[in-house]
Amino acid sequence: MSQIFYSKDHEWVAVQADGLVTIGITDHAQSALGDIVFVELPEPGRSVAKGEACAVVESVKAASDVYAPLSGTVAEVNQSIVDEPAKVNAEAEADGWFFKLRLQDPASLAELMDRAGYDEFLGSLA
Amino acid sequence: MATTPLDALHRRLGARMVEFAGYEMPLQYQGIMAEHNACRTGAALFDVSHMGQAEIAEIQAFSRLVPGDIAGLKPGCQRYTLLLNEAGGILDDLMVANLGSHVQVVLNASRKAADVAHMRGHGVDVTTRFDRALLALQGPKAVEILPEAAMLKFMDASLVRIDGIDCIVTRSGYTGEDGFEIGCAGFDGEALAELLLARGATPAGLGARDSLRLEAGLCLYGNDIDEGTNPVAAGLGFALSKKRLEDGHFLGAAAVNRALAESTAEKLVGIRLEGRAPARTGAEIRLPGGGAVGRVTSGVFSPTLNAPIALGYVRADCAQTGTVLDLMVRDKPLAGTVSALPFVPHNYVR
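Note that the structure is a prediction, hence the values are computed from the model and not measured.

Draft legend 1. Looking closely at the sheet that holds strand β13 (residues 202-203) of chain B. Residues and elements named next belong to chain B. Reading across the sheet, the six strands line up as β10-β11-β12-β9-β3-β13 and stay open at both edges, with mixed pairing between neighbours. Looking along the sheet, the strands with just one partner apiece sit at the ends: β10 (157-162) and β13. Both strand β3 (residues 44-47) and strand β9 (residues 133-138) contribute to a ladder of four bridges, which runs antiparallel. Residue L45 lies in a different strand from β9, and its bridge partner there is L137. Across the face of the sheet, helix α6 (residues 186-198) comes into contact with β3, β9, β10, β11 (165-170), β12 (179-184) and β13 while running at roughly 20 degrees to β9.

Right, dumping it as structure tokens:
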């Protein structure tokens, strides 16, 4: 099973065997956004810096940016959520992933939270 | 922050609450899309108690502040009208109902205090009933849920007793669907809402209310119209009485007549966008490959059309149905076409 980390911007980061990381938004984030109707993803090959806005999700009512949780280069994007944005609501932490990143520095994963840390962070928001 | 008489019910129903016009209001319960569709196909129940209900005893003074033929409004009838300033700008848009014994107005939440000050300043005797509850029951099945009001037609108003609760019911709303707006004493509000929910209405929040009214091509005060908007530019000519325009005895009459005679520099239009990305309030509108010709005032993803829609002001020469425009979203142009309003046909029972 792959290791999964979380950011304070409500993204999850799953470490793959090939060294890439898969990034999506958490179930908490999709629930807060509501019915997602549009997704815009970064171009593969684009370099993104930690905290940079690199994807957009639109619900019926509002637009939200998705931020790069870590610095790296976009290796792959999930076209299926562009074709079917509701998939992000249905499977946020699985098939509703956004993009894969080749990290600039794999050690930067230590800047993120583990599940227990993220759950504690969510609790602090309530 | 203020709450409505239905606050406890919203929380019991698990609503996501947001601030709106100084009130804690439900944004959604199960989700905007499901609530929107419930209203288009069944019946949805909205708490709109944040809107201001008030009574007006003397119609003549009030009539001098609006461009509609309110003095000619028959008992049992309701009309949409506007409070205008001297420059013809819209201070508020409101519903006026003649209930026989008195006239009732329903004011926008964000404007009610200013409206009352404005009316009193012009000698109108206003009695506020801001502690009352107001529910909107909307959708093709609304009449099945409220058979007590089935005798009303679109824009009729009447006192109706519903399960022992004295209500003021109008057959109107803000969704484009058939339906009712039901006012009652604040302390009866929760019981009335529970009754309508038990009869099968789906609770719906401000999110669905916004997407529904936009599909219906209805303006939102503060977004699409405000003190700087002339009703002619906003496409609200239907609220201007020919008789009143001729007599000119209302505040702003000269400015409105001038706008009618000379037309306005900008016009409010509906725009359908290609693709799936909505353009939101403030997005710049351009001619393809050209300069700015306007701005979006409301934008949403239409659940009924499964496509983004918007309202916005454009230069009058770009307001023709079919005109192709670019809407700037995240510095990129999204193609759109001026579209006749409403986006989704009205379904009123006349």
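Draft legend 2. Local environment of the sheet that holds strand β17 (residues 307-315) of chain B. All names here are of chain B. Strands sit in the order β14-β17-β16-β15-β18-β19 around a closed barrel of six strands; the barrel is antiparallel. Neighbour-to-neighbour, the strand axes of this sheet turn through a mean angle of 40 degrees, independent of strand direction. Both strand β14 (residues 266-273) and β17 contribute to a ladder of seven bridges, which runs antiparallel. By the bridge assignment for β17, G270 is matched with L311.

Draft legend 3. Main features of the interface of chain A and chain B. Residue-level contacts link ten residues of chain A with 15 residues of chain B. Ranked by residues supplied to the side of chain A that touches chain B, first place goes to strand β4 (residues 36-40) of chain A with three residues. Each residue belonging to the side of chain A that touches chain B can be placed in one class, and the counts come to five nonpolar, one polar and four charged.

Draft legend 4. Representation of the domain arrangement of chain B in the model. Residues and elements named next belong to chain B. Domain assignment breaks chain B into domain 1 (7-42 + 132-215), domain 2 (50-126 + 230-261) and domain 3 (265-339). On a C-alpha basis, the centroid separation for the pair domain 1 and domain 2 is 25 Å. Counting residues at the interface gives 15 residues for domain 1, matched by 15 residues for domain 2. Contributions of two or more residues to the side of domain 1 that touches domain 2 are made by β2 (23-28), β10 and β11. Counting residues per element, the side of domain 1 that touches domain 2 draws most heavily on β10, which supplies three residues. Residue composition of the side of domain 1 that touches domain 2, by class: nine nonpolar, four polar and two charged.

Draft legend 5. Representation of unusual backbone geometry in the model. Residues and elements named next belong to chain B. The linkage connecting L341 with the following residue, P342, adopts the cis geometry, with an omega of 0 degrees. By the secondary structure assignment, P342 is in the segment after β19 (332-339). Positive phi, close to 70 degrees, is recorded for M155, a residue that is not glycine. Its location among the elements puts M155 in the loop between α5 (142-145) and β10. If you check the backbone angles, D163 has positive phi at about 50 degrees while not being a glycine. Within the secondary structure layout, D163 lies in the loop between β10 and β11. The exposure class of D163 is exposed, given the 12 C-beta atoms found within 10 Å.

Draft legend 6. Representation of the pairing of strand β5 (residues 77-84) of chain B in the model. Residue and element names in this part refer to chain B. Taking burial as the measure, the eight residues of β5 include six buried ones, the bulk of the element. The pairing of β5 with strand β6 (residues 90-98) spans eight bridges and is classified as antiparallel. The partner of Q78 across the bridge, within β6, is A97. With antiparallel pairing between neighbouring strands as the criterion, β5 and β6 make up a hairpin whose turn holds five residues, including G88 at a positive phi of roughly 80 degrees.

What counts, and at which threshold
- Residues numbered from 1 in each chain as written.
- Chains lettered and ligands numbered in written order.
- Predicted model: local features only at pLDDT ≥ 70, side-chain atom pairs only at ≥ 80, totals over all residues.
- Pairing = 2+ DSSP bridges.
- Helix = DSSP H or I, 4+ residues; strand = E, 2+ residues; numbered from the N terminus.
- Contact = placed C-beta atoms within 7 Å.
- Axes fitted to C-alpha atoms, helices over the stretch in contact; angles between N-to-C directions.
- Nonpolar A, V, L, I, M, F, W, Y, C, P; charged D, E, K, R; others polar.
- Domains from an automatic or database assignment.
- Buried ≥ 20, exposed ≤ 12 C-beta atoms within 10 Å, placed from the backbone.

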